[in-house]
Every structure is written in C-alpha cells, then in structure tokens.
Amino acid sequence: MENPPRDAQEVEWIKRVQRGEGEAFALLIELHERRVRALVFHLVRRRDEVEDIAQEIFIKAFRGIRSYNFRSSFGTWLGRIAANHCYDYLRREQKARVSYYWQMSEEGSRKLEEAAEKRDALTAEEEVVVRDLADKLLAQAPAGDRMILVLKEIEDQSVEEIAEVLNLRVNTVKVRLHRARKRMLQQLKKWRQRR
Amino acid sequence: MRCDEARESVEELRGDALPAPIREHLVTCAACAAYAREWRLVEAGLRALAREPVPAASLGFAARVVRRLEGLAEAGRKSEELWERAGRRFVYATLLLALTTLLVLLLPSSGPLRAPPTTEAYFAGLEVAATANDPLFADEASSDFAPGRSGPTEGSSAKPR
C-alpha cells in the first residue's frame, strides 16, 4: 500500500491541529506556504499584498480545520479556501490600465503574433510585452474567468484537479474554461478595434 | 468540422501538433485562423506569467501566522469573559430584585414603615371620636402642659391634676 511518509506525517499534523494543538499548524503552513503564495500571486498580481492575503487564507484554514474530513487531499482543501478568498478579493479589484502591446507598431505586433504562433522563443522584450498583455487581459476578466484561467494556464492544474478545487463537475470546468478563453479573446479584439 | 470544435482543439492542444482535420479547417476558415493566432499570443503571455518568479517566502511567516491566531484567540477569550461577567451581574441583579419584590409582598403589615391596615384605622377613628370631648383626653395642642410651655398660663381654666 502506497503511503508516503510525508502524507502520513501530514495527516498526523492535521489531526493534532484538530485536537487543538495550534503549534502543529505551523508545520502545515511551512508545507503548503509556497503553493498558496504562488496561487495568490498569480491571481492577485500584487507582490505587496501576497503575504497579507496568504496569512488570511491560513487563518481561515485554521478556523475551519475541524470540518476537514480527509476526503480530498489537504492541499486541495486548502486550495479551495485560497481560491474562494482570492475570488472575493478579485471582485473588489479595479480594472487594469493600458498594456505595452498597444504601444507597439502594427509591424511589431504582427511579428510578435507570428513568433507566438510558431512557438518560437521570444526575446526578453517580447516576453515582457506578451506577459503584460496577458496580465492586463486577466485583470479585466471577471473573477470567475480569472480563477479558472489561472488555475489551468498558469498553475497548470488538470481539469479534474480544478473540478475538485472549485467543487464543480469536470464537464462544467471544460465549458467554463472554453468560455473564459473566448471572452478573453473577445476583449483583445475590442482593444484592437479601439487602437 | 465545426468552428467551435476547431477552436476548442486549438485551445487544448498546447505544444502539440494540430491534427490534420483541424489544420485543414484553419486553412479554409479565416475566422478560426485569426482565433488560433490570437489564442497563441495570449497563451504565450500566460506561459510567461507562469514563469514569473513568485514572491519568496518571508522568514518566519508560519510563526507570524500562529502568533496572529493566538492573538485572535486571546481577544476572543477576553470578549467571552466580559460577557460572562456582565451576564453574572445581570443574574445577581435580577435575583436581588425578585427577592426584594417577594419580601415586599410577603412581609407582615405591621412595622414602622407600614401604614396601619384598614380595620385598625377604623377603630382608631372611633377612639378619637369617643374621647374628643373628654377633658381627660383634651387636645394637647391647647393644653398648658403642651411641650415647650413652662406652666399654666394666666386665664387658663385648665388645672393640672
């Protein structure tokens, strides 16, 4: 039976916290901190707010840990709390400003698209431009779209994992993902038409 | 092949060569070809975002969270104690009030602070009426021996016994 020591140890820590041993929670934080920070950063895109938001997520997790019933992995359960917390944050967030992409000439943006299409390695400057473009498109996307796009495209989670975190069916995730991508491209088209 | 099928495949087949039916569709459908180009651009941006370094874990993050939790627990305990104290005082005050009310209702009618009951007042009234003209029980207000007076005054017909 496969039972990696780390999982057994994590289970033991969780049970200790559920019994009221608060100091065991520090061990769980150290185990999952990096992943939570990454998710918060990719969703929120503000370096100076990552620490505070991550703290709030762990505090919520501590308060609700007695409700954790070991049916999903602790990381997934924690990811769900993080996703919900960031979702509430994103709904309050303001829209982003203009992107570097629009400062490029027509020729420049065409070359960029060709390079991206061929999956050629982008130059450092091109990388900054496309990253900024994607950042701004994500920033203006509705919170639900942003959530699902970040989990899939940036966190590289499978559709099944996303379904578990967001408590949705797999088919629902697929449909929502496709719609989110489509809306993002519609926004890109609108910006282009205004250019 | 339908356009929505082709576009979904373009989105999903990241890094993989597109199958022939999809490539053929993109050649014949300008709208889907444009969609594919735009998606590749955005996809490149999303991949670039994924490569961006995540803010490093600050030293002592876990300890800070645990300290904050302890602080919140302490604040919660103090709040509970305050309510408990207020609750106890309220209960004591209510008991005292109930006891006082009970005493007022149950205590006998006699006593320095209690007015005489109706029957006693009646007989007291009769006694006053009966002794009103009796010189022995004359109004003390008109007596020579009223408090403050030293002796019989001139012209007074009342004589001490």
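Model, not experiment: these values are computed from the prediction.

Let's talk about the overall build of chain B
Argument step 1. Of the regular secondary structure elements, chain B holds five helices and zero strands.
Argument step 2. For chain B, contacts bridging at least 24 residues in sequence account for 30% of all contacts bridging at least 6.

So, the nonpolar core
All names here are of chain A.
Argument step 1. Core analysis: the biggest nonpolar cluster contains 82 residues, and F25 and I57 have the highest contact counts within it.
Argument step 2. With twelve residues, helix α2 (residues 23-44) is the single largest residue contributor to this core.
Argument step 3. Residue contacts for I57: discarding those within four places in its chain leaves V36, V40, L78, I81, A82, H85 and C86.

Details of the confidence of the model for chain A
Argument step 1. The predicted model of chain A has a mean per-residue pLDDT of 86, with 89% of residues at 70 or higher.
Argument step 2. Taken as a whole, residues 1-5 of chain A scores under 50 in pLDDT and shows one contact with residues more than four places along the chain or in a different chain.

Some remarks on the packing of helix α7 (residues 143-154) of chain A against helix α8 (residues 159-166) of chain A
All names here are of chain A.
Argument step 1. Remark: α7 packs on α8, axes separated minimally by 10 Å, with the N-to-C direction vectors making an angle of 140°. With respect to α8, the element α7 is oriented oblique. Judged by the twist between their axes, the crossing of α7 over α8 is right-handed. Between α7 and α8, the residues in contact are M147, I148, L151 and K152 and V159, I162, V165 and L166, respectively.
Argument step 2. A breakdown of the residues in the contact of α7 with α8 according to their chemical character gives seven nonpolar, no polar and one charged.

Thresholds, definitions, all that
Residues numbered from 1 in each chain as written. Chains lettered and ligands numbered in written order. Predicted model: local features only at pLDDT ≥ 70, side-chain atom pairs only at ≥ 80, totals over all residues. Heavy atoms only, no water. Helix = DSSP H or I, 4+ residues; strand = E, 2+ residues; numbered from the N terminus. Contact = heavy atoms within 4.5 Å. Core = buried A, V, L, I, M, F, W, Y, C linked by side-chain atoms within 4.5 Å. Buried < 20%, exposed > 50% of the residue type's maximum accessible area, 1.4 Å probe, protein only. pLDDT = per-residue confidence, 0-100. Axes fitted to C-alpha atoms, helices over the stretch in contact; angles between N-to-C directions. Parallel < 35°, antiparallel > 145°, perpendicular 65-115°, else oblique. Left-handed = near helix turned anticlockwise from the far one by under 90°. Nonpolar A, V, L, I, M, F, W, Y, C, P; charged D, E, K, R; others polar.

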